[in-house]
Amino acid sequence: EDETFHVHSIILKLISPVFRQMLSTNMSEGLQKEVKLPGKAKEEFLEFYDIVQPMTTTELTKENVVFLSRWADQYQVEQLKTKCEDFLMKH
């Protein structure tokens, strides 16, 4: 989807070495201060971004854990990945 979201890049850089690399180097994303996520659903990104916020109240559910696990794996968000795995083991 071709939509722009204004988010704090520091959050993305803190949680993900993938985003950190993209946004902190001479890669096009860092130079343009924009990350394109082709093939990603906007609702999934918004939920991913929300759940990685400090003090978030968003919880893992049976509806979101699978796609959040994929995002966590793709962007190497280890804490979220572990939370998703734990959730799946218990449910």
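Residues numbered from 1 in each chain as written. Predicted model: local features only at pLDDT ≥ 70, side-chain atom pairs only at ≥ 80, totals over all residues. Heavy atoms only, no water.

(A) Spatial organisation of helix α2 (residues 17-24). Regarding α2, the residues found buried are F19, M22 and L23. One side of α2 holds all its buried residues, which, seen down the axis, span an arc of 85 degrees. Along its buried surface, α2 packs onto α1 (9-15), α3 (28-32) and α4 (42-51). The distance from a side-chain oxygen at the start of α2 to the backbone nitrogen of V18 is 3.2 Å, and the residue carrying that oxygen is S16. (Buried < 20%, exposed > 50% of the residue type's maximum accessible area, 1.4 Å probe, protein only. Helix = DSSP H or I, 4+ residues; strand = E, 2+ residues; numbered from the N terminus. Arc of directions from axis to C-beta. Contact = heavy atoms within 4.5 Å. Polar contact = N/O pair within 3.5 Å; in protein donor to acceptor, adjacent residues only side chain to side chain.)

(B) Summary view of the environment of E34. Turning to its location among the elements, E34 is positioned in the loop between α3 and α4. For the pair E34 and H6, spaced 28 residues apart in sequence, the C-alpha to C-alpha distance is 9.2 Å. Side-chain polar atoms of E34 contact the side chain of K36, separated by 2.9 Å.

(C) Structural view of the environment of L23. Mapped onto the elements, L23 comes out in helix α2. Residue classification places L23 among the buried residues on the basis of a relative accessible area of 14%. For the pair L23 and S9, spaced 14 residues apart in the sequence, the C-alpha separation amounts to 7.5 Å.

Scope: geometric values only; no functional claims are made or implied.
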